[in-house]
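Results of the structural survey
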6 protein chains.
Amino acid sequence: MITPIRSLLGSTQLAQIRSLLDRADWVDGRSSAGAQALEVKRNRQLPADSTLAQQLGDLILAALSRHPTFISAALPLRIMPPLFNRYEAGETYGLHVDNAIRFLQSPGQAAATALRTDLSATLFLDDPDNYDGGELQIESSFGAQSIKLAAGDLILYPASSQHRVTPVTRGSRSCAVFWLQSMVRDSSQREMLFDLDQSVQSLGSELGQAHEDVMRLSGLYHNLVRQWAQT
Amino acid sequence: MITPIRSLLGSTQLAQIRSLLDRADWVDGRSSAGAQALEVKRNRQLPADSTLAQQLGDLILAALSRHPTFISAALPLRIMPPLFNRYEAGETYGLHVDNAIRFLQSPGQAAATALRTDLSATLFLDDPDNYDGGELQIESSFGAQSIKLAAGDLILYPASSQHRVTPVTRGSRSCAVFWLQSMVRDSSQREMLFDLDQSVQSLGSELGQAHEDVMRLSGLYHNLVRQWAQT
Amino acid sequence: MITPIRSLLGSTQLAQIRSLLDRADWVDGRSSAGAQALEVKRNRQLPADSTLAQQLGDLILAALSRHPTFISAALPLRIMPPLFNRYEAGETYGLHVDNAIRFLQSPGQAAATALRTDLSATLFLDDPDNYDGGELQIESSFGAQSIKLAAGDLILYPASSQHRVTPVTRGSRSCAVFWLQSMVRDSSQREMLFDLDQSVQSLGSELGQAHEDVMRLSGLYHNLVRQWAQT
Amino acid sequence: MITPIRSLLGSTQLAQIRSLLDRADWVDGRSSAGAQALEVKRNRQLPADSTLAQQLGDLILAALSRHPTFISAALPLRIMPPLFNRYEAGETYGLHVDNAIRFLQSPGQAAATALRTDLSATLFLDDPDNYDGGELQIESSFGAQSIKLAAGDLILYPASSQHRVTPVTRGSRSCAVFWLQSMVRDSSQREMLFDLDQSVQSLGSELGQAHEDVMRLSGLYHNLVRQWAQT
Amino acid sequence: MITPIRSLLGSTQLAQIRSLLDRADWVDGRSSAGAQALEVKRNRQLPADSTLAQQLGDLILAALSRHPTFISAALPLRIMPPLFNRYEAGETYGLHVDNAIRFLQSPGQAAATALRTDLSATLFLDDPDNYDGGELQIESSFGAQSIKLAAGDLILYPASSQHRVTPVTRGSRSCAVFWLQSMVRDSSQREMLFDLDQSVQSLGSELGQAHEDVMRLSGLYHNLVRQWAQT
Amino acid sequence: MITPIRSLLGSTQLAQIRSLLDRADWVDGRSSAGAQALEVKRNRQLPADSTLAQQLGDLILAALSRHPTFISAALPLRIMPPLFNRYEAGETYGLHVDNAIRFLQSPGQAAATALRTDLSATLFLDDPDNYDGGELQIESSFGAQSIKLAAGDLILYPASSQHRVTPVTRGSRSCAVFWLQSMVRDSSQREMLFDLDQSVQSLGSELGQAHEDVMRLSGLYHNLVRQWAQT
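Thresholds, definitions, all that
- Just so you know, the residues in each chain are numbered from 1, in the order the chain's sequence is written.
- Starting at A for chains and at 1 for ligands, labels are handed out in the order in which the entities are written.
- Restriction of local features to residues with pLDDT of at least 70 applies here, the model being predicted, together with a cutoff of 80 or more for giving and counting side-chain atom pairs; totals for whole chains, interfaces and linings are based on all residues.
- Side-chain metrics rest on all non-hydrogen atoms present in the structure, leaving aside hydrogens and water.
- The criterion used for residue contact is that any of the two residues' heavy atoms lie within 4.5 Å.
- Values labelled buried area give the accessible surface lost by two parts on being combined, using a 1.4 Å probe and summing over both.
- By salt bridge we mean one thing: a side-chain nitrogen of Lys or Arg within 4 Å of a carboxyl oxygen of Asp or Glu.
- Counting of polar contacts relies on pairs of N or O atoms within 3.5 Å, with two restrictions inside protein: one atom must be capable of donating a hydrogen and the other of accepting it, and residues adjacent in sequence are counted only when both atoms are side-chain atoms.
- Per the convention used, a helix needs a DSSP run of H or I reaching at least four residues, while a strand needs a run of E reaching at least two, with both numbered from the N terminus.
- By convention here, the domain bounds are inherited from an automatic or database domain assignment.
- Only Asp, Glu, Lys and Arg are considered charged in this grouping, and only Ala, Val, Leu, Ile, Met, Phe, Trp, Tyr, Cys and Pro are considered nonpolar; every other residue, Gly among them, is considered polar.
- Alignment of the copies relies on least squares applied to C-alpha atoms, considering only residues that score at least 70 for pLDDT in both.
- Working definition: a ring pair exists when centres of Phe, Tyr or Trp rings (six-membered ring for Trp) sit within 6.5 Å. Plane angles under 30 degrees give stacked, over 60 give edge-to-face, the rest tilted.
- Summary of the burial criterion: residues with accessible area below 20% of their type's maximum are buried, those above 50% are exposed, and those between are partly exposed, where the area comes from a 1.4 Å probe applied to protein chains only.
- A ring has a charge above it when a Lys NZ or an Arg CZ is no more than 6 Å from the ring centre and no more than 35 degrees off the ring normal.
- In this description, strands pair whenever DSSP reports at least two bridges between them.

Turning our attention to the interface of chain B and chain E. Taken together, the contact pairs 20 residues of chain B with 16 residues of chain E. Both sides of the chain B and chain E interface together cover about 1600 Å² of buried area, and 50% of this is carbon and sulfur. Counting every contact that joins chain B to chain E gives 0 salt bridges. Our count for the contact surface shared by chain B and chain E stands at 12 residue pairs in polar contact (both at pLDDT 80 or more).

A word on the interface of chain B and chain A. Counting residues at the interface gives 21 residues for chain B, matched by 21 residues for chain A. If you sort the residues of chain B by the area they bury against chain A, Met-192, Arg-216 and Gln-227 of chain B come out on top, with a joint share of 29%. One can count 0 salt bridges joining chain B with chain A. Connecting chain B to chain A are 14 residue pairs in polar contact (both at pLDDT 80 or more). Among the secondary structure elements, those contributing two or more residues to the side of chain B that touches chain A are helix 5 (187–207) and helix 6 (212–228) of chain B. With 11 residues, the single largest contributor to the side of chain B that touches chain A is helix 5 of chain B.

All names here are of chain A. Under the domain assignment, chain A is made up of domain 1 (3–182) and domain 2 (187–228). Here the C-alpha centre of domain 2 lies 30 Å away from the C-alpha centre of domain 1. Across the contact, 8 residues belong to domain 1 and 5 residues belong to domain 2. Surface buried jointly by domain 1 and domain 2 totals about 550 Å² across both partners, of which 61% is contributed by carbon and sulfur atoms. At the boundary of domain 1 with domain 2, the tally comes to 0 salt bridges. Looking at the side of domain 1 that touches domain 2, its residues break down into 4 nonpolar, 3 polar and 1 charged.

This part is about the relation of the copies chain B and chain A. For the pair chain B and chain A, the relating rotation is 180°, the translation along its axis is 0.0 Å, and the fit reaches an RMSD of 0.0 Å. Such a turn and shift between the copies fits a two-fold axis. Taken together, the interface assignments show that 100% of the residues at the interface of chain B recur at the interface of chain A, consistent with an identical surface on both copies.

A few words now on the packing of aromatic side chains. In this structure the tally under the stated criterion is 3 aromatic pairs over all chains. For the ring pair Trp-228 of chain C and Trp-228 of chain E, a centre distance of 6.2 Å and an interplane angle of 50° mean the geometry is tilted. Separated into two different chains, Trp-228 of chain C in helix 6 (residues 212–228) and Trp-228 of chain E in helix 6 (residues 212–228) make up a pair that spans both. Residue classification places Trp-228 of chain E among the buried positions, given a relative accessible area of 9%. Taking the ring centre of Trp-179 of chain B as reference, the NZ or CZ of Arg-102 of chain B above it sits at 3.9 Å. One Lys or Arg, Lys-148 of chain C, reaches over the ring of Tyr-131 of chain C and ends 4.6 Å from the middle of that ring.

Residue and element names in this part refer to chain C. In terms of burial, strand 7 (residues 92–96) is a largely internal element, 4 of the 5 residues being buried. In the sheet, strand 3 (residues 41–42) pairs with strand 7 via 2 bridges, with the strands oriented antiparallel. Pairing of Lys-41 across the sheet is with Tyr-93, part of strand 7. Two strands pair when backbone bridges link them, and strand 7 and strand 15 (residues 163–165) are joined in this way by 2 bridges, in the antiparallel orientation. Considered in strand 15, the bridge of Tyr-93 is made with Val-165.

It is worth spelling out the pattern of salt bridges at this point. Counted according to the given criterion, the structure contains 54 salt bridges over all chains. Linking Arg-216 of chain A and Asp-213 of chain A is a salt bridge whose minimum nitrogen-to-oxygen distance equals 2.8 Å. Of this pair, Arg-216 of chain A and Asp-213 of chain A both sit in helix 6 (residues 212–228), 3 residues apart, roughly one helical turn. Its relative accessible area of 4% is what places Asp-213 of chain A among the buried residues. Where Asp-22 of chain E meets Arg-86 of chain E, a salt bridge forms, and the shortest distance between an N and an O atom there is 3.0 Å. Within this pair, whereas Asp-22 of chain E is found in helix 1 (residues 11–22), its partner Arg-86 of chain E is found in strand 6 (residues 83–87), the two being separated by 64 residues in sequence. Overall, Asp-22 of chain E belongs to the exposed group, its relative accessible area being 54%.

Once turned by 120° and shifted 0.0 Å along the axis, chain B lies on chain E with an RMSD of 0.1 Å. Overall, the copies show the geometry of a three-fold rotation axis. Of every C-alpha in chain B, the one belonging to Gln-230 of chain B sits nearest the axis of rotation, 4.7 Å from it. A share of only 10% of the interface residues of chain B reappears at the interface of chain E, consistent with the copies meeting through non-equivalent patches.

Residues and elements named next belong to chain B. Within the open sheet, the 5 strands sit side by side as 3-7-15-12-13. Their pairing is antiparallel. A single partner strand is all that each edge strand has here, and the edge strands are strand 3 (41–42) and strand 13 (145–147). Bridge count for strand 12 (residues 136–138) against strand 15 (residues 163–165) is 3 bridges, and the pairing is antiparallel. By the bridge assignment, Ile-138 is partnered in strand 15 with His-163.

Let us now look at the arrangement of the chains. Here chain A and chain E are not in contact; the least distance found between their C-alpha atoms is 16 Å. Left apart from each other, chain B and chain F have a closest C-alpha approach of 16 Å.

Turning to its location among the elements, Gln-181 of chain B is positioned in strand 17 (residues 173–182). With a relative accessible area of 2%, Gln-181 of chain B lands in the buried category. A distance of 2.9 Å separates the side chain of Gln-181 of chain B from the backbone nitrogen of Arg-116 of chain B, its partner in a polar contact. Among the polar contacts made by the side chain of Gln-181 of chain B, one reaches the side chain of Thr-231 of chain E at a distance of 2.5 Å. Residues contacting Gln-181 of chain B, with those up to four places away along its chain left out, are Pro-76, Leu-77, Arg-78, Ala-114, Leu-115, Arg-116 and Asp-118 of chain B together with Thr-231 of chain E.

Printed below as a string of C-alpha cells:
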C-alpha cells in the first residue's frame, strides 16, 4: 500500500525548517552508505548525530503522533529518527532495496534496539515547482509509480519495494526520510485494518456510535488487531 | 463458538424420520467405539452402512446445504455422513473428546479422504417434552453449558471441547450427530467472519448494496476468507 | 479461557487496602473515558497518577509475580498498572469491548511501550455479601457468565470478549482492574499450555521428576513455549 | 503481482477460436450474476455448460499447462474452467471484487470442490486495434493500472483487487476469464518464489547446473515451496 | 526427524518380493531423471507403470497402513506409489535434493493430484550382509548420518535434506523408495506429536486409560493435531 | 542447525581469561539449579553477579558482535550474559532440556526482560588435549553428536534439543555458556537465510555486486527477513 499523508507540516513550520536547512552543513551522502548503496547514491545529507537533525527529527515525530491518518495507516511500533537529504542538480539515488533491519539508539539506553523496516517514508520539504526531476519512483509488478508531493506532504510505502530518486535537473530537492516498524507486519493485513477503520469512522458518523453494527465492527477492528499485532 | 441452527428440519420431515427410526434395527453403541469411548458410551445406534442411515443422512446434508446461517457459521469444506443415536432410559455418553481426524469414504473413490473434525453437530429429532435428561453438556472454562433444543434444531460446537450426554431418565432421545471440517480452521477467525457477514447483511438492507461502506466491507469479508480459508 | 485466581490477597492486605480506599479521593469514571465508553460508564475511579493508585498497584503486581497459577495461566509479558474502580448504588458499566492496544509509561523511559491487551483481569476487593448486583458479565457464544468472587480473588478473562458490570443495587463494590499482554497471543494455545503444565506437575508428584514421561512432557512444554511465545 | 503471460495462444489457434465464437449463441451476462454484479455487469457470455465453452476451455487449460512462466508465476493447484465474455459497443463491467470461494464440478465426481480464488486471469482474444475502450482496470494503492494486451496474451492479477472493464466505444472485445487457487496463498511469497526461480534459471545458464550456488539456491527454492505450499 | 520403522515386511514377504524382482526387467535410472538428477544418478529401476511395480507397491502401502509407528511418526495424508531401484557394483546416486512437488495420478481420476514431498522413505529389501557400500547418507548440520538397515526395515527422513546413496562395491542393493505428504507440514511439530503420542501410550499402560492426566494428555494430542493438520 | 563458530577468541585473550579463571572463586553448580537440574548437574560455576563473570562476559559479547558468521547464523535479538562453568575429574551434567524463557536484567532498568532461548552456545576455553571426556553431546533423531572444539571456538545449537556434558575423566574443562533469542524463531527459516546469505556473498565475489541476480537475491534475503523476523 502506498499512502499519501497530506499536510503533515504547515507552511510556517516548513518555512522555518527550510531556513534552518539552508544554513546547515551538508555532507556527502556516500559517507554513510554501505557497499551496494555506494555505487548508486549521489546526494548530500545532514549528519545523523548533528543537533539540527535531531531537533528537526523530533519536530517531525511530534507531528506524526498527532496525525490520525498516519497512525491508522502505519500502526507504528517504532520509528527511526528522520534523516535529511538534499539533491542538487545532477544528483540522484539509483535503484535499491532498503535493509530489513536497522538499529535504533535510544537516549539513556545501553543497547541499541533492532527495528524491522516495514515501511519507508519520504517527507517532501520543497515545493514541486521549485525543482525538476527528483521524483521518487517505486517499482512494483503494478508498474513503476512516480511520486512528487506538495511540500509538507508525506508518502508511506513498503520498504520491501525497489525504489529510486530520479536525477534532479533544475533547482534543489530537500526531504526527510525515515523507516518504521509497524505493529502489523503484513501489508495486506494493514491495508484491511485501514479499510475497516475508515468504514467504522464513516458509519459511526452516519448511523451513530451506538448503532449495533458500528459497535460490532469496532469490536471486530480491535480483535483483528489482537490477532495480527506484535508489540 | 456454540451456534444454534433453528428449524433445519420441518415438522413433516421430522414425523417421517421418526416413523422410520421407530421401525429401524438399532445396535449397541459400543460396537463402533474405540478403547476410550468403550468405557463411557451407553446408547444404541443405526449401523453406519445401513441403507436407512444413508438415506436419512442425505436428507440432512441437503437441508444443511440450503441453510444460510449454517453455511455462514460453519463455512463447511467436508461433512461426515450423519450418524443416528438413541438413548433410552438409563443410557448416557460420559465425558469425552472427539478424535481429531476421521476418514470419509466417498462413493466411487478408491481411497478414503481424511477429515479434520473442527466442529461437532447434534441435530435433535425428539421434542424435549418427550424425555427427561439427555442434555448435551459442553465443558469450557466459561463453565459447562447444557443444551436441549426443539426437534429439528441443530447445535454446532467445537469438536475440541470436552462434552457428554447426561443420562436419560424418562422417555427416549434420538438425534443425528456429525462432524465437519471448516474452510477456516481457527474458531476465533470463523467467529469474526460470522460477525462481519451479519453486519454486511444488515447494513446492506439498511443502506443499500451500492453504499460505499457496504461494498468495502463486502470486499473485506472476501479478502479475509482468502487469508484464512484452506480449500 | 476464564480462570479464577484464588486468594491473591490475604485478609490483612485486604483490610489495609480497603481502609486506604475509603479515605481516597474518587473522581468520576467518565474523566478518562473515550467516545464509546462515555455513554455506558457510570462509576468512580482513583486518578491513575495518584500516589495511592501507584502504591496499591505495586502491591498487587508483587502478589501476581508470586502466584504460580497466575503465571501458568497468563504467561504475562507486560502488565498495565492496576486501576481502581468503585461502584455505588445505581452505578454500572454497560456492555463494551476493551481497546486492543494500550500504552505503558515506564518510569525513567522517554517513550511509552505499546501493550496488546490479550487478557483483562478484575480483582475483587469487597466481600460479595456487602453489595448486591455489581456482577461482571462476560458474553460469549457459550452464553453470558456472571462472576462475583470472594474479596482477594481475581478473574482472568479474554479482553476480546464483550463484557459489562451490572448495576449495584445495594452497598458498594470496589475492585482493581488491569490488562496484560501474554507471551502467547492465542488463547487456545495458552489453554493447552496450562493443561500440559498441570499434567506435568501432577505426574511429577505421582511418578517422580526423573520418570521418563515426566521429562519428555516437560521438554514438550518448553518446546511448545518456544514455538508460540513472542517475548 | 500483476504478471503478463505472453503468447499463450498462437495466431492459428486464435483465428480458429474467433471463428467459432463469431457463430456462437451469446447470452446476457446478467443471467449468471449475483446481487452485487447485477447492477454493474453489462456484457454477453457463452453459457458455461455449452459444448463450445467446454471445448475452448480445455484448449486453453492445455496451453496453460505447457507454459513455464505461467506455472512459475501462478503455482496453480486448481483452475476453474474458463468463461467467455464479449463486450459490444456501450457494454462494460463496473467496479467489483471477485468472490473468495467458487465451486468446481469435476466430471464423474459426486461433490463439487471448493476453490479459493487467489488469482484472476483474462486472456485477450481480439487484437487491440479492433476495438476502443474495453480496458481492464485494476485498482490498487499503487494507483489504477489499465491493461489491454495483444490477442493471445494473458494477464494474471490478484483476485482480491477491485477491478472493472471500461466501456467499449468501438468494435467488439472477446476474452476468456478464469480464476485459480495457487499452491501458495500469499502473493508476496509467490512473488519471492518467482524471483528466486528466475535467478536459479539465469544463474544455471551462466554458471552451469552443477555450480555449488546454483545447487544451493535450487534446494532453497524447493524448501521454500515446502514451507509455503498447501496441496 | 529420522525415524526407523522396524519390520515393515516379514521374511516370507521379502523372499517373495526378491524372487519377483530378480526376474524383472530393470531399466536405466536415467530414463526418468530431470536435468539435475541426470548428472548424478547411476542405477536401474522398475518402470513406474509396470504391473509388477504396481503390485509390489500396493503390498507395501497395505503394510504401511497397518503399522502404528509409521502412522504416528508420519501422519500421512497422501503417499506416492513406491518406486523400485537396484544398485549393482559401481552404481550410486550422488548428492541431491528431492523436488518439493510431485503429481499423483489416481486411477479413474481425470486430473493428477499435487503432493508436497514432506518426507522421503527408503525400504531396504536386501540383507546388509549381501552387499558393501550402498549406504543412504543424509546430510544435516548435525553431521551426515549413514543408514543401512535390515531387510524389511524402512527409514523415514525429511525430503528437504540433501542426501545420496554411496557406491555399491560388492553385491546388489534393491530398495523401494517413496515420498509422502504429511497432515502436519512442520517437522518439529510432527516430532512433538510423536513424543506426546508415545507418552500417552506408555502412561495409559502404566496408569490406566481413565487416569485424569491420560485423558487430558489424549485431549491435548487431538487438539494439537487440530491446530497443525491440513487435510 | 548446529553451527561451529571458529576462532571467536584469539590465543592472547584465551590466556588472559584462563589466568583469571584459575584464580577465581568457583561455587557449586547446584546453587543455581532448579528441581530437575539438581539431580543431574555436577560441576562448579562462577557466581553470575561476580565482577569477574561480568567483565569476561562483556569481552565475549564484544567478540560476538564483530563475528559475521555468528551474526548470519544466529541473527541475535537478545543475548543472555555468559555463565562460566568448570568440570573437574568426575564431574558431569546429565541429560536435560533448557528452559524456554529466561529473564534478562539490564543495568538501569526496573523490570527484567523475558528472553526466549532459541539457541544455546558453548564457548570452549580449554585445549581439548588438556582433558578427557567433557564432550557436549546433543541428542537428535539424526543421532547424538559429540562436540569438543578447540579453545576459542564456539558451538551454536538448538536450545530445544536434549543435551548433556559427559563426565570429565582427566584434567579440567572450562567453558562459557549462554542463550540467545534470535530475530527468527524457526530454525529451518534461520538455516535457509544462512544458506542464502552465503550464496549472496559468494556470487557477489564471483559476479560483482551490481550483477542483476546478486541484486535480486540480496533483495530476496532482506524481504525474507521482513517476513520472518520479530524484533
